Amino acid sequence: MTSPQTLQSTYRLSSGHEIPILGYGVDSAIMYRNEKACGRAIAKSGLDRSQIFFTTKIPPGSMGYERTKRAVESSLREAGVEYFDLILIHAPYGGTEDRLGSWKALVEAQKAGKTKSIGVSNYGIHHLDELEEYIQQGGGGTIDVGQYEIHPWCAREDIVEWLQKRNIVVEAYSPLAHGTRMGETVLKELGKKYNKSPAQIMIRWCLQRSASHSTATMKLILSTSNLMTSGGHTVIRQASTEKSNVELINSLRSNFQTAQQLSSAETPTTPRYRAWTRETEDGLYIPAIDFAQRGLAEEKAQYDITVKLFYLPGIPASRRCAHTREAIDLVLKELHVDSIDLLIVSFPGILFDAEDDSEEEVESDTGSEEPDDFDSMIRTWRVLEDLQEKGMISQLGVAEFGSERLARFLPHTKVKPSVDQINLKDCCVVPKSLILYAKSENIQLLTHNDCMDILPIGTTRELLGPGEKGAGILASAPDADDGIQGDVEPQWVVKYTAVVKDRGVVENKGYFALADMGTCVKARAE
């Protein structure tokens, strides 16, 4: 069984980012002269930038390395944004040298964070072969998207086949054939048969044609429920001293099993997980959550709410803007509040060494981890500062920062971290250099026993898979229809804690985790 397509469904690009299946985004180009208007519309929409897929294109007059570099900078200024989601070469003009020069400039722009994904538009097969050879010979980059006019009367079979064989997403423009084919007999007959308009029939043709080669990515939202309750009653218990990964995994498994048991008396469904999960436009909630239930017994002012967000190893740093908002929104929705008091972020690949007050950079065992460079941390922090400015977060904090990293980090921030949370492991002494530096910068030092890789891929597969220890979300075999087909990739984990101020006890504590699921998710070793 594959995950069904909805209006919110996406395809996973080779860059690791997602593109909406339907065109609910902003399509601009230098040639259209609409970048400024699009940028203003986005700014005035009230939507978070991460919720809008913004595309622009390099025009024929800007082909070539230097001209394309200037065009990218000009487009960013014109639109008033820090990045585009996708930049395409509009058409294959200018000859081989200029085409490859433009591609080189886009690869550099992607590495610099000026665009998340890159691709081409209107390229013929020989142009695609030329670019592929350049990339394979060390030119760099990956074609994420190929954009073409595609509809039932302009199918472009050869180009679509070339792109899909290489897992390149095919994006169709003018899927309604410029409105010139609405009176076709075949559209009228199909529309009458299925009670759909000619436009709906044509769009469905595009979607089904694409779906024969690709499957939409589905979001799986895992939750533990409140760990401080017993038997569904609000009985406050002693907070656990388990390490975070053990607590998370045990709590998820327990919550899954409880939901399965409660649904066992109901009418059987196929597949079985449908009885105790809930699918919405946000994704598949495992288990189903009733957000109507009150998260806190008293008013928000009576609590200190602390949230820790774990950015996981192997996940591109460029996804953190969307991930941060997803995680915070879930916590706010669960607790029925409009802000949190403290958000601590944990970057992957950093381990604090108490003996020499430095941080080790740890590479992922998968070999696929994007280097967690300093620039990516600064870009992530700017997203957090924006949320703080909007009043969603009162204070920000970091984890595993020694005095050297703090000294390098602080000059680049508008909002300084209020907290630095460090893991002393077997040592119980905080280095004096860190104590003095933190004191001078008015940063509170806290300790923790959280793991860096809190939810490994193998553990996620076991939790969601078939068998005794699994929840039965994943299919038992490649040809089975008893679960969702494809690979699973955990994206982030968030831990939240609500402490009653005047009593100092934890009333609500829990975890959310998000994983991507689908056949277009690239499998990674654990």
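Residues numbered from 1 in each chain as written. Predicted model: local features only at pLDDT ≥ 70, side-chain atom pairs only at ≥ 80, totals over all residues. Heavy atoms only, no water.

As named in an unreviewed UniProt entry, the protein chain is D-xylose reductase [NAD(P)H], taken from Aspergillus arachidicola. In its Pathway (unreviewed entry) section, the UniProt entry covering the protein chain states "Sulfur metabolism; glutathione biosynthesis; glutathione from L-cysteine and L-glutamate: step 1/2." A UniProt comment under Sequence similarities (unreviewed entry) is attached to the protein chain, and it reads "Belongs to the aldo/keto reductase family. Glutamate--cysteine ligase light chain subfamily." (UniProt positions renumbered as here; feature names shortened; annotations may be inferred.)

S.K.: Please give an account of the packing of aromatic side chains that cites residues and values.
M.R.: For the structure shown, the criterion picks out nine aromatic pairs. Pairing Y285 with F291 gives two aromatic rings, centres 5.8 Å apart and planes at 80°, and the pair type is edge-to-face. Just as Y285 is buried, F291 falls in that class too. Grouping aromatic residues by their ring pairs yields a cluster made of Y311, F347, F374, W381, F401 and F409. (Phe/Tyr/Trp six-rings, centres within 6.5 Å; stacked < 30°, edge-to-face > 60°. Buried < 20%, exposed > 50% of the residue type's maximum accessible area, 1.4 Å probe, protein only.)

S.K.: I'd like to hear about the sheet that holds strand 5 (residues 84–89), residue by residue, with values.
M.R.: With parallel pairing, the six strands of this open sheet are ordered in space as 3-4-5-6-7-8. Looking at strand neighbours, the two that pair on one side only are strand 3 (26–27) and strand 8 (169–173), the edges of this open sheet. (Pairing = 2+ DSSP bridges. Helix = DSSP H or I, 4+ residues; strand = E, 2+ residues; numbered from the N terminus.)

S.K.: Talk me through helix 3 (residues 95–111); I want residue IDs and the actual numbers.
M.R.: For helix 3, with 17 residues, the first-to-last C-alpha span of 25 Å sits near the 24 Å given by 1.5 Å per residue. Those residues of helix 3 not exposed but buried are R99, L100, G101, S102, W103, A105, L106, V107 and A109. On its buried face, helix 3 sits against strand 4 (54–58), helix 2 (65–79), strand 5, strand 6 (115–121) and helix 4 (125–139). Of the residues trailing helix 3, G113 is marked for its positive phi of about 80°. (Expected span 1.5 Å × (residues − 1). Contact = heavy atoms within 4.5 Å.)

S.K.: Which residues make up the side chain of N423, and what values do they have?
M.R.: Residue placement: N423 occurs in the loop between strand 17 (419–422) and helix 12 (432–440). In this structure the side chain of N423 is engaged in a polar contact, spanning 3.3 Å, whose partner is the backbone oxygen of D450. (Polar contact = N/O pair within 3.5 Å; in protein donor to acceptor, adjacent residues only side chain to side chain.)

S.K.: Outline the nonpolar core, supporting the account with residue identities and numerical values.
M.R.: If you look at the biggest cluster of nonpolar residues, it comprises 49 residues, and the most contacted ones within it are I305, V307, I340, L343, F409 and F512. Apart from the residues within four sequence positions on either side, I305 is in contact with L296, K300, L335, V337, S339, I340, D341, L342, T497 and A498. If you look at the next biggest cluster of nonpolar residues, it comprises 34 residues, including L76, W103, I159 and V170. (Core = buried A, V, L, I, M, F, W, Y, C linked by side-chain atoms within 4.5 Å.)

S.K.: Outline the environment of H151, listing residues and values.
M.R.: Within the secondary structure, H151 sits in the loop between strand 7 (145–149) and helix 5 (157–165). Side chain to side chain, H151 and E149 meet in a polar contact 3.1 Å long.

S.K.: Talk me through the confidence of the model for the protein chain; I want residue IDs and the actual numbers.
M.R.: For the protein chain, per-residue confidence averages 86 on the pLDDT scale, and 87% of positions sit at 70 or higher. Note that pLDDT drops below 50 for residues 231–241; the model gives that stretch 18 contacts with residues more than four away or on any other chain. In this model, residues 362–371 is a region of pLDDT below 50 whose contacts with residues beyond four sequence positions or in other chains number 18 contacts. (pLDDT = per-residue confidence, 0-100.)

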